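# An overview of the molecular structure
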Amino acid sequence: MIISNNLKKLSQIFHNASPLYIVGGYVRDFLLSKHTIDVDICSSLTTNEVVKLLQDTEFKTNVVNEKLGTVIISIDDERYEYTPFRKDNYSLDGSHSPSNITFNVSLSEDYLRRDFTINAIYYDIENDKLIDIASSVKDLENGIIKTVREPEITFTEDALRILRMVRQAVVLGFEIDKNTLFTGRKCSNLIKNLSKERIVEEFKKTIEKVDFDGMLEYVDLLNESGVIGSLYQQKAVLGNYKVVDGLAVYCPTIEFLYLAIFERYFYNILDFASDVKIDSFKDIQSVERLIFEKVDKLFENDKLPNKTRKNILELISFTRLLVEVKNKMQLDILLTHYYNIINTLLLARQSRIMVRNTIIIDAVSRFMELQDSMPMRVTDLDVSGVDLQNLGVKKEETGEVLLKLLEMVIIGKVDNNHDSLTQFVKEEKWKTL
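Residues numbered from 1 in each chain as written. Predicted model: local features only at pLDDT ≥ 70, side-chain atom pairs only at ≥ 80, totals over all residues. Heavy atoms only, no water.

Glancing now at the environment of Y26. Turning to its location among the elements, Y26 is positioned in helix α2 (residues 25–31). Measuring from C-alpha to C-alpha, the distance between Y26 and D40 comes to 7.2 Å, with 14 residues separating the pair along the chain. (Helix = DSSP H or I, 4+ residues; strand = E, 2+ residues; numbered from the N terminus.)

Unlike most non-glycine residues, D76 shows phi in positive territory, near 50°. Tracing the backbone shows D76 in the loop between β4 (70–75) and β5 (78–84). The phi torsion at N104 lies on the positive side, around 55°, for a residue other than glycine. Along the chain, N104 falls in the loop between β7 (98–102) and α4 (107–111). Classification of N104 by relative accessible area gives exposed; the value is 63%. (Buried < 20%, exposed > 50% of the residue type's maximum accessible area, 1.4 Å probe, protein only.)

Before going further, it helps to examine the sheet that holds strand β1 (residues 21–23). The strand order across the open sheet formed by 7 strands is β3-β4-β5-β2-β1-β8-β9, and the pairing between neighbours is mixed. Bordering the open sheet on either side are β3 (60–65) and β9 (129–131), each of which pairs with just one other strand. Across this sheet, the average inter-strand angle for adjacent strands is 35°, counted without regard to direction. (Pairing = 2+ DSSP bridges. Axes fitted to C-alpha atoms, helices over the stretch in contact; angles between N-to-C directions.)

Bringing the pattern of salt bridges into the picture now. Enumeration over the complete set of coordinates arrives at 13 salt bridges. Across the pair D110 and R113 runs a salt bridge whose closest N-O atoms are separated by 2.9 Å. By relative accessible area, which is 13% here, R113 ends up buried. Here R149 ties to E157 by a salt bridge, and the two come within 2.7 Å at their closest N and O atoms. Through salt bridges with shared partners, one network takes in D110, R113 and R114. (Salt bridge = Lys/Arg side-chain N within 4 Å of Asp/Glu carboxyl O.)

The next thing to look at is the side chain of S43. In this structure, S43 sits in strand β2 (residues 39–43). When its relative accessible area of 0% is taken as the criterion, S43 is described as buried. Only 2.6 Å separates the side chain of S43 from the side chain of Y82, close enough to count as a polar contact. With sequence-adjacent residues up to four places away left out, S43 is seen in contact with F14, S18, P19, L20, Y82, T83, P84 and F85. (Polar contact = N/O pair within 3.5 Å; in protein donor to acceptor, adjacent residues only side chain to side chain. Contact = heavy atoms within 4.5 Å.)

Time to look at the side chain of S188. Secondary-structure assignment places S188 in the loop between α8 (178–187) and α9 (196–207). Among the polar contacts listed, one links the side chain of S188 to the backbone oxygen of R185, at a separation of 2.8 Å. In this structure, S188 is in contact with I162, S225, G226, V227 and S230, ignoring residues within four places of it in sequence.

Membership of the largest hydrophobic core comes to 79 residues, with the highest contact counts inside it found for L10, I22, I41, I73 and F203. Element by element, the count of residues in this core is highest for helix α12 (residues 254–265), at 9 residues. Not counting chain neighbours up to four residues away, the residues in contact with I73 comprise L10, I41, V50, L54, F59, K60, T61, E78, R79, Y80 and Y82. If you look at the next biggest cluster of nonpolar residues, it comprises 15 residues, including V383, L405, V414 and F424. (Core = buried A, V, L, I, M, F, W, Y, C linked by side-chain atoms within 4.5 Å.)

Turning to helix α3 (residues 47–54), a few remarks are in order. At 3.6 residues per turn, the α-helix brings residues three or four places apart onto the same side. T47, V50 and L54 are the residues of α3 that are buried. Projected down its long axis, α3 shows its buried positions confined to an angular sector of 65°, all on one face. In this structure, α3 carries N48 and K52 as exposed residues pointing more than 90 degrees from its buried face. On its buried face, α3 sits against α1 (5–14), β3, β4 and β5. (Arc of directions from axis to C-beta.)

Let's shift gears to the packing of α1 against α3. One way to put it is that α1 packs onto α3 with a least axis distance of 11 Å and a crossing angle of 110°. Taken as axis vectors, α1 and α3 run roughly perpendicular relative to one another. Here L10, I13 and F14 of α1 lie close against α3, whose contacting residues are V50, L53 and L54. Grouping the constituent residues of the contact of α1 with α3 by class yields 6 nonpolar, no polar and no charged. (Parallel < 35°, antiparallel > 145°, perpendicular 65-115°, else oblique. Nonpolar A, V, L, I, M, F, W, Y, C, P; charged D, E, K, R; others polar.)

Our next topic: the pairing of β3. Relative to β4, β3 runs antiparallel, the two being bridged by 5 bridges. Residue pairing across strands places V63 opposite V71, the latter belonging to β4. If you look at the hairpin formed by β3 and β4, you'll find 4 residues sitting between the two strands, and G69 has a positive phi there, around 80°.

Bringing helix α10 (residues 212–224) into the picture now. Look at α10: 19 Å from first C-alpha to last across 13 residues, which is about the 18 Å you get at 1.5 Å a residue. Every buried residue belonging to α10 is among F212, G214, M215, L216, Y218, V219, L221 and L222, and all of these are buried. A side-chain oxygen of the first residue of α10 lies 2.7 Å from the backbone nitrogen of G214; this N-cap is D211. Within two residues after α10, G226 carries a phi angle of roughly 90°, on the positive side. (Expected span 1.5 Å × (residues − 1).)

As structure tokens, this is what we get:
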């Protein structure tokens, strides 16, 4: 195990009072040859004993959760999260609210409060020795995620562990033990007792570490474990949606997680709009309003920033309307309408190009071809509203005429130059469109 000199020094200070152990993700990731900087440590010493032990040393202590006994120990640019061995008793409603906490317990009792076996391997710093109570290293070697105790106890204590189970399976590329997955689905109704902040934070932890394929696998496992059904009261049905191969633009943000959920599982919820014909911007905006009303219900259980919610809704609206387009002109107009969304969320510099699916790709490819060859907004036209008014167009009709001109340029009916556009207006051809 790679241990810093500071951590070895800390272990020596603990020596006479209690052995100091590293536990959790740092041990797991080291055994998987993965790099991590988060170090969780523990021992039999209580919080007060640790603070007293380190008060005259170069190590600084900060008690961040007195109830759980959590102390942040820091030195130089290193920090460790310390918790005493403890035994937790929960109300078993999934909300992670211990009704009673007992300290002064043994390592084997502390082990039982851990979530999954792969996160419950202890490392004795001073003796350079792994403490593996229940063959957790074997689960790590076999790539299996299973709970330390009976999974029903684990998940009823804290339903967020179901989401953590899914995240670690995807991020580590592990399989979930069948009984653990079955029980997670059985207990998924308890997710409603979690705070919105904890759920969203768990989502963020995942999308920071997965690529495009990982995102889709994550959404599939969220469904298989019952999370989607519990969060959104929506049955996961693929319906008519078919995943196709193609070039996808993927930006690892919370917006794209929700877009993936929508694409794969909520496609059928918008059948109410299937009869709407998109012939103009007015129709697009009308459908968009209906979509906003419907999809907004999906987020009732999640606390998201207003800007994030707006981005998600606009992306979903854009995706849904792509399915409705009947010809190239409508697609081009739709792409123009969503220029800012595509530009800021899909073609941002931090985006990564991944090979896989999504119905967005055709639109993005089409947009990239269009943006170099023709105007995308009325402000790109070689005439202005003032020019039109000088030609006799009423001021209140200016916007409509400019939009019609843009449509005609996009479909190749008129060239984007001043003479062609003004002649088109003079002949009042726009009135017949």
